[in-house]
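Survey of secondary and tertiary structure
Read off the chains here:
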Amino acid sequence: MNSEYSPIDSLSSFLTPAQLVKFLQKAVPDLKLRQSSLQLALEKQQWEVAAKQAHDLKSSISFFKDDSLAAKLESIETGNDDVIKSPGFIESLMLQCQQLIDRLEGYLSQNQP
């Protein structure tokens, strides 16, 4: 994600501000749960579980148009061992997930009724 990108942009074009807040109030906890489940599966090297978790997380983040994060999740989902087992991949993936969550939480903190 570049610094100009807002994960909210893709949703704010068709949701009202109130609808967007309600959506994010449900989406953020879900993203956190999916991120931690994926991280646990990767750390335990449970590749089949990680593939399912990556698929679920990729579906959840599709609303936010984060192509780079989606590509990393796709690598896990398809079992691309060269990518998954490369040094720093898991840390980079988790950092990118957390950055998305932080941006969404930042929006929520500034726009809660």
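Note that the structure is predicted; figures quoted are calculated from it, not measured. (Residues numbered from 1 in each chain as written. Predicted model: local features only at pLDDT ≥ 70, side-chain atom pairs only at ≥ 80, totals over all residues. Heavy atoms only, no water.)

Considerations on the packing of aromatic side chains
Considering all chains together, one arrives at 2 aromatic pairs under this definition. Residues Phe23 and Phe63 carry aromatic rings whose centres are separated by 5.3 Å and whose planes lie at 75° to one another, so their mutual orientation is edge-to-face. Separated by 40 residues along the polypeptide, Phe23 in helix H2 (residues 17-43) and Phe63 in the loop between helix H3 (47-61) and helix H4 (67-77) bring together distant segments of the chain. Residue Phe63 is classed as partly exposed on the basis of its relative accessible area of 41%. Aromatic side chains Phe23 and Phe64 sit 6.3 Å apart centroid to centroid with 50° between the ring planes, which places their arrangement in the tilted category. Note that Phe23 is positioned in helix H2 and Phe64 in the loop between H3 and H4, a separation of 41 residues in sequence. Classification of Phe23 as partly exposed rests on a relative accessible area of 26%. According to the relative accessible area criterion, Phe64 is buried, its value standing at 0%. (Phe/Tyr/Trp six-rings, centres within 6.5 Å; stacked < 30°, edge-to-face > 60°. Helix = DSSP H or I, 4+ residues; strand = E, 2+ residues; numbered from the N terminus. Buried < 20%, exposed > 50% of the residue type's maximum accessible area, 1.4 Å probe, protein only.)

Let's talk about the pattern of salt bridges
Counted by the stated rule, this structure contains 6 salt bridges. The shortest N-O distance in the salt bridge between Asp56 and Arg34 comes to 3.6 Å. With Asp56 in helix H3 and Arg34 in helix H2, this pair connects stretches of sequence that are 22 residues apart. Given a relative accessible area of 23%, Arg34 falls into the partly exposed group. A network of salt bridges, in which partner residues are shared, links Asp30, Arg34, Lys52 and Asp56. (Salt bridge = Lys/Arg side-chain N within 4 Å of Asp/Glu carboxyl O.)

Points about the environment of Leu100
Position of Leu100 among the secondary structure elements: in helix H6 (residues 89-111). Leu100 sits 31 residues away from Leu69 along the chain, and the two C-alpha atoms are 9.3 Å apart.

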